[in-house]
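# Residue-level structure breakdown
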Amino acid sequence: MAMHTRSDSMSQGRLLLVEQDGLAAQLVAEGLAQNLVTAPRITLTTTGRQAADALREGRFDIVLADLSSLGDLDDRGEEAVARLTRLANGALVLALSDGGSVSAAVGAMRAGAHDYMAKPITGPALAAKIGELAERHGKGRTLSLEAHSGGRMADYAGFIGASSAMQFVYEQIGRIATSSAPVFITGESGTGKDVCAEALHAQGSRAGKRMVAINCAAIPRDLMESELFGVARGAFTGAHEDRKGAAELADGGTLFLDEIGEMDLSLQSKLLRFLQTGTLSRVGESSVRRVDVRVICATNRNPMQLISEKKFREDLFYRLHVLPIHLPPLRQRPTDILVLARHFLERYGREEHKGFTGFSGEAGAVLAAAEWKGNVRQLQNLVRRLVVMFDGGEINAQMLAAADVESRGTMAVATPVPGRRPAILPMWQQEQRIIEDAIASFGGNVSLAAAALEISPSTIYRKRQGWAEMGVAGAA
């Protein structure tokens, strides 16, 4: 059965889709048609044997194979993929599977697939992945696959960046914004957890109501309960009138609890009761009030470590950790660094009425190589400092070094010191550290780590295998 999206173009690539679910197949076809400048001609097969016959009869540029649709070819998924890749005659093979398990990804890669994606798959994500594969394997011109500019969003609801890591975040926000279930945002300081919370509120069904944010680390412990739940007049010295807390003020809207990991244990039990019952009592008041809020919380700490240290209630964590979102550190989205820097330069230059033309090539390289321990906020502060310190023109590496007061020396242009050499790790050790950090950030999910690093999962598996053979710790 053939499914042609634009058969009038002789330069179209040819794509073989193996998918037994008719609706899923239709969504793939529509997604590619809407998100690629020139959509490929799609041949649809519903079983592994049909796919094998199609590969024997014709030549394809790419094969999208749903692993659950290959059972008739071989019950073992790896062998089925291996048979298809042998018949593919050079075509790019992208394996698809429900669940996104690491074992499925490992098996598909071991069998010869070029990459792996977890279902459900959005049109923009699939188009971006196919375009990335075509470019990486030198088939871009043959396939004529170019994503629409709208396919990979360069900015979204306050975020800036078009990297694969951020595309994944944008998709998560769009998918869960309309729900009323609690959201648990994790990420290092400066990655934009507050921006994420605002985006979830603005795109949800509660957007017309108020979003109230409370920073659990910034409020003294003895005042936190009254700030969160309110206080009745006369409850304590200085309480001269009834006052609503953040939860009441957010009624009908969103309550954002930032740095939730810093909340005192005694208040955690009261928050848990509020989440369970939807009711609260102001400090010094016996009556119960019913409140309807969507709770979003965020932390820059590892919640499981806090639980093991008895600093965070496990039952509260599972009550809050319904829809998790992890924001990647800036070092794991290097292609966004210069995009962000230019955005901030234009923004602050406009505010200060100064004309800047951008960053020199050397300055851009310095920015891209920096560690950015403070993430986007550190970059933002640096660019603002540059705008204030200098009058305009092009930012060069010397100007960056002069403005870098937060991490003095890490971005400065190196000056050789006679008789001294900096300690430099071998390239493979630096590469291993970056890859293992990314995998840890995504809870061991290699596919997500690969997406964040904008490399193929097969590259990670291959490198880890090489490290294991070398006896390197952490490579398994």
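Residues numbered from 1 in each chain as written. Predicted model: local features only at pLDDT ≥ 70, side-chain atom pairs only at ≥ 80, totals over all residues. Heavy atoms only, no water.

### Here's the deal with the pattern of salt bridges
One pass over the structure, following the stated rule, counts 18 salt bridges. One salt bridge connects Arg313 with Asp315, and the closest N-O pair in it is separated by 2.7 Å. Classification of Arg313 as partly exposed rests on a relative accessible area of 28%. Three or more residues joined by partner-sharing salt bridges are found here, namely Arg347, Glu351 and Arg384. (Salt bridge = Lys/Arg side-chain N within 4 Å of Asp/Glu carboxyl O. Buried < 20%, exposed > 50% of the residue type's maximum accessible area, 1.4 Å probe, protein only.)

### A few points about the nonpolar core
Formed by 35 residues in total, the largest nonpolar core has its most connected members in Leu16, Val18, Val63, Leu70, Leu84 and Ile460. Ignoring anything within four residues of it in the chain, the contact list for Val18 reads Thr45, Thr47, Gly48, Ala51, Val63, Leu64, Ala65, Asp66, Ser69 and Leu70. Listed in part, the 30 residues of the second largest apolar core include Ile214, Ala246, Phe312 and Phe317. (Core = buried A, V, L, I, M, F, W, Y, C linked by side-chain atoms within 4.5 Å. Contact = heavy atoms within 4.5 Å.)

### Details of the packing of helix 9 (residues 221-229) against helix 11 (residues 265-277)
Where helix 9 meets helix 11, the closest approach of the two axes is 11 Å, and the angle between their N-to-C directions is 15 degrees. Between helix 9 and helix 11, the angle is such that the two are roughly parallel. Judged by the sense of rotation from one axis to the other, the crossing of helix 9 with helix 11 is right-handed. Of the residues in helix 11, those in contact with Met224, Glu225, Leu228 and Phe229 of helix 9 are Leu267, Lys270, Leu271 and Phe274. Split by residue class, the contact of helix 9 with helix 11 holds six nonpolar, no polar and two charged. (Axes fitted to C-alpha atoms, helices over the stretch in contact; angles between N-to-C directions. Helix = DSSP H or I, 4+ residues; strand = E, 2+ residues; numbered from the N terminus. Parallel < 35°, antiparallel > 145°, perpendicular 65-115°, else oblique. Left-handed = near helix turned anticlockwise from the far one by under 90°. Nonpolar A, V, L, I, M, F, W, Y, C, P; charged D, E, K, R; others polar.)

### Quick notes on the confidence of the model for the protein
When pLDDT is averaged across the protein, the result is 82; 82% of the residues are at 70 or more. Across residues 145-150, where pLDDT falls below 50, the model places 16 contacts with residues more than four positions away in sequence or in other chains. The low-confidence segment residues 409-422 (pLDDT under 50) makes 13 contacts with residues lying over four places distant or belonging to another chain. (pLDDT = per-residue confidence, 0-100.)

### Observations regarding unusual backbone geometry
Positive phi, close to 55 degrees, is recorded for Asn89, a residue that is not glycine. Tracing the sequence through the fold places Asn89 in the loop between helix 3 (77-87) and strand 5 (92-98). The class of Asn89 is partly exposed, set by a relative accessible area of 48%. Even without being glycine, Glu259 reaches a positive phi, approximately 55 degrees. Tracing the sequence through the fold places Glu259 in the loop between strand 11 (254-258) and helix 11. A residue is classified by how much of its surface remains accessible, and Glu259, at 13% relative accessible area, is buried.

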